[in-house]
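Given next are the chains, with one letter for each unit.
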Amino acid sequence: MKLLEGKTAIITGGSRGIGRGIAQVFAKHGANVAFTYSSSSAAAEELATELQGLGVKAKAYQSNAADFQASQDLVAEVLKDFDGKIDILINNAGITKDNLLMRISEEDFDTVIEVNLKSVFNMTKAVQRTMLKQRQGSIINMSSVVGVKGNAGQTNYAASKAGIIGFSKSVALELGSRSIRCNVVAPGFIETEMTAKLDEKVVEGWRAGIPLKRGGSPEDIANACVYLGSELSTYVTGQVLNVDGGMLT
Ligand code: NAP
């Protein structure tokens, strides 16, 4: 059964990893997909072609999610390209710049907050007017287990991901009366380029602490997003859905 037939979704950071997985699964469920990337233009164009092959409308946009004006311009362009409607926003773009508090620079703290957290404000504000006019919409923000429990060496990342939770609960309270929902997905250890950078010993440590004894895949996260983006979850808002193999249990 196609759960997103005819819906239009914007996904930030769709060129690789989790965002790419969400774009693929959304297209399989019939969604038209607009997605952004930062610099991977070849991968992004290849993905757009793959999604079009599934019979949906798909387009890649180079846009820096940390830039307020760029986010406004992006949404205006997507509205032109996708018949004036946006049903689902997935704020997925994110980066890490890990270091112990003792060593972390002010620049690395600020950059992670801008790309991971300010971007969520930028894009949510940019789609708000359209969703208010439609009187419906689903916003899904990508946090992390690290935003819930913290992690040594990731003060910047943990702060950005915890901030996303507070932001999302507040948006859920502000926009609920117009049937606009806002929820958070908190992935655990998902095998992508972001986690491929980690030391194998660290990875083994993470895996050992996961009750399901495996890392997750981008599709595991995408399936949770299908639920939150579809009619299956019309009475769910302001929630944090941990998709982590039981890591936080
Ligand atoms: P990834 O493989 O590193 O992919 C990151 C994506 O974000 C890429 O498409 C990248 O575009 C894009 N991006 C980066 N900076 C951007 C910017 N300023 N503007 C627009 N797009 C930008 O990461 P991932 O593992 O898929 O993670 C996706 C999200 O899930 C992130 O928010 C991450 O924090 C969160 N998460 C991941 C894990 C995990 O275990 N992997 C766990 C918890 C949460 P380019 O390809 O052009 O660089």
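Draft legend 1. Just the packing of helix α4 (residues 106-134) against helix α6 (residues 155-175), in detail. Following both chains from N to C, one finds α4 and α6 inclined at 15°, their axes separated by 8 Å at the closest point. Relative to α6, α4 is oriented roughly parallel. Crossing handedness for the pair α4 and α6: right-handed. From α4, Asp 108, Phe 109, Val 112, Ile 113, Asn 116, Leu 117, Val 120, Phe 121, Thr 124, Gln 128 and Leu 132 reach across to α6, where they touch Thr 155, Asn 156, Tyr 157, Ala 159, Ser 160, Lys 161, Gly 163, Ile 164, Phe 167, Val 171 and Leu 175.

Draft legend 2. Geometry of the site of the ligand. The environment of the ligand is formed by 31 residues, the closest being Ser 15, Ser 39, Ser 40, Tyr 157 and Thr 192. Note that an oxygen atom of the ligand is positioned 2.8 Å from one of the backbone N or O atoms of Ile 190. Secondary structure elements with two or more residues in the shell around the ligand: α1 (17-28), α6 and α7 (193-196). Residue composition of the shell around the ligand, by class: twelve nonpolar, 16 polar and three charged.

Draft legend 3. A look at the side chain of Asn 91. Mapped onto the elements of the fold, Asn 91 is located in strand β4 (residues 88-91). For Asn 91, a relative accessible area of 4% corresponds to the buried category. Here Thr 124 takes part through its side chain, which lies 3.4 Å from a polar atom of the side chain of Asn 91. Within polar-contact distance, the side chain of Asn 91 engages the side chain of Asn 141 at 2.8 Å. Setting aside its immediate chain neighbours within four residues, Asn 91 contacts Thr 12, Ser 119, Val 120, Met 123, Thr 124, Ile 139, Ile 140, Asn 141 and Met 142.

Draft legend 4. Here's a closer look at the packing of aromatic side chains. Counted according to the given criterion, the structure contains two aromatic pairs. Between Phe 68 and Phe 121, the aromatic rings sit 6.0 Å apart at their centres with planes inclined by 25°, giving stacked as the arrangement. Here Phe 68 is found in helix α3 (residues 68-81), whereas its partner Phe 121 is found in helix α4, with 53 residues between them in sequence. Overall, the relative accessible area of 30% leaves Phe 68 in the partly exposed class.

Draft legend 5. Fine view of the sheet that holds strand β6 (residues 180-187). Taken together, seven strands build an open sheet; the order of strands is β3-β2-β1-β4-β5-β6-β7 and the sheet is parallel. Of all the strands in the sheet, just β3 (58-62) and β7 (240-243) have a single pairing partner and so form its edges. Each strand axis lies, on average, 20° off the axis of its neighbour in the sheet, ignoring direction. With four bridges joining them, β6 and β7 adopt parallel strand pairing.

Draft legend 6. Broad picture of the nonpolar core. Core analysis: the biggest nonpolar cluster contains 34 residues, and Ile 22, Phe 26, Phe 35, Leu 51, Ile 90 and Cys 225 have the highest contact counts within it. Of all elements in the fold, only β1 (8-11), α1, β2 (32-37), α2 (41-52), β3, β4, β5 (137-142) and α9 (218-229) reach the threshold of two or more residues within this core. Residues contacting Phe 26, with those up to four places away along its chain left out, are Leu 4, Ala 9, Ala 31, Val 33, Ile 88, Ile 90, Ala 222, Cys 225 and Val 226. Core analysis: the second largest hydrophobic core is formed by 19 residues, Leu 74, Met 131, Val 171 and Leu 175 among them.

Draft legend 7. Quick look at the pairing of β6. The element β6 is extensively covered by neighbouring structure, given that eight of its eight residues are classed as buried. Side-chain alternation along β6 places Ile 180, Cys 182, Val 184 and Ala 186 on one buried face and Arg 181, Asn 183, Val 185 and Pro 187 on a second face that is also buried. One ladder, built from six bridges, connects β5 with β6; its direction is parallel. Across the sheet, residue Met 142 finds its bridge partner in β6, namely Val 185.

Draft legend 8. Up close: the side chain of Asn 156. Tracing the backbone through its elements, the reader meets Asn 156 in helix α6. Those residues in contact with Asn 156, other than ones at most four positions away along the chain, are Lys 97, Ile 104, Asp 108, Phe 109, Val 112 and Ile 113.

Draft legend 9. Region of interest: the environment of Lys 213. Checked against the element boundaries, Lys 213 lands in the loop between α8 (200-208) and α9. In contact with Lys 213, not counting residues within four places along its chain, are Arg 207 and Ala 208.

Draft legend 10. Highlighting the pairing of β2. Burial within β2 is extensive, with six of its six residues counted as buried. Taking every second residue as pointing to the same face, both faces of β2 are buried, with Asn 32, Ala 34 and Thr 36 on one and Val 33, Phe 35 and Tyr 37 on the other. Bridging between β1 and β2 involves four bridges; their strand directions are parallel. Of the residues in β2, the one forming a bridge with Thr 8 is Asn 32. At this point the chain moves from β1, through α1, to the parallel β2, and the crossover so formed is right-handed. Of the crossover connections in this fold, the one passing from β2 over α2 to the parallel β3 is right-handed.

Analysis parameters
- Counting of residues starts from 1 at the beginning of each chain's written sequence and follows it residue by residue.
- Two thresholds apply to this predicted model, a pLDDT of at least 70 for residue-level local features and 80 or more for giving and counting side-chain atom pairs, whereas whole-chain, interface and lining totals are computed over all residues.
- Only hydrogens and water are set aside; all other atoms, that is, all heavy atoms of the structure, feed into the side-chain values.
- To define axes, lines are fitted to C-alpha atoms, for helices over the stretch in contact only, and angles between the resulting N-to-C directions are given on a 0 to 180 degree scale.
- Helix and strand definitions here come from DSSP, where helices need a minimum of 4 consecutive H or I residues and strands a minimum of 2 consecutive E residues; each element is numbered from the N-terminal end.
- Reported orientations rely on four angle classes, namely roughly parallel under 35 degrees, roughly antiparallel over 145, roughly perpendicular from 65 to 115, and oblique for the rest.
- Working rule for handedness: look at the near helix, and if it is turned counterclockwise from the far one by less than a right angle, call the crossing left-handed; if clockwise, right-handed.
- Contacts are assigned to residue pairs with any non-hydrogen atoms lying within 4.5 Å of each other.
- Any residue with at least one heavy atom within 4 Å of a molecule or strand is counted as near it.
- In the analysis that follows, any N or O atom pair within 3.5 Å is treated as a polar contact, provided that within protein one partner can donate a hydrogen and the other can accept it, and provided that, for residues neighboring in sequence, both atoms belong to side chains.
- When residues are grouped by polarity, Ala, Val, Leu, Ile, Met, Phe, Trp, Tyr, Cys and Pro land in nonpolar, Asp, Glu, Lys and Arg in charged, and all others, Gly among them, in polar.
- Between buried and exposed lies partly exposed: a residue is buried under 20% and exposed over 50% of the maximum accessible area for its type, with that area taken using a 1.4 Å probe on protein chains only.
- Centre distance within 6.5 Å is the pairing criterion for rings of Phe, Tyr and Trp, where only the six-membered ring of Trp is used; planes under 30 degrees apart are then read as stacked, over 60 as edge-to-face, and the remainder as tilted.
- We treat two strands as partners when DSSP finds at least two bridges between them.
- What is meant by a nonpolar core is a set of buried Ala, Val, Leu, Ile, Met, Phe, Trp, Tyr and Cys residues, joined one to another through side-chain atoms within 4.5 Å.
- We call a crossover right-handed when, viewed with the strands running away from us, the connection from the first strand over the helix to the second turns clockwise.

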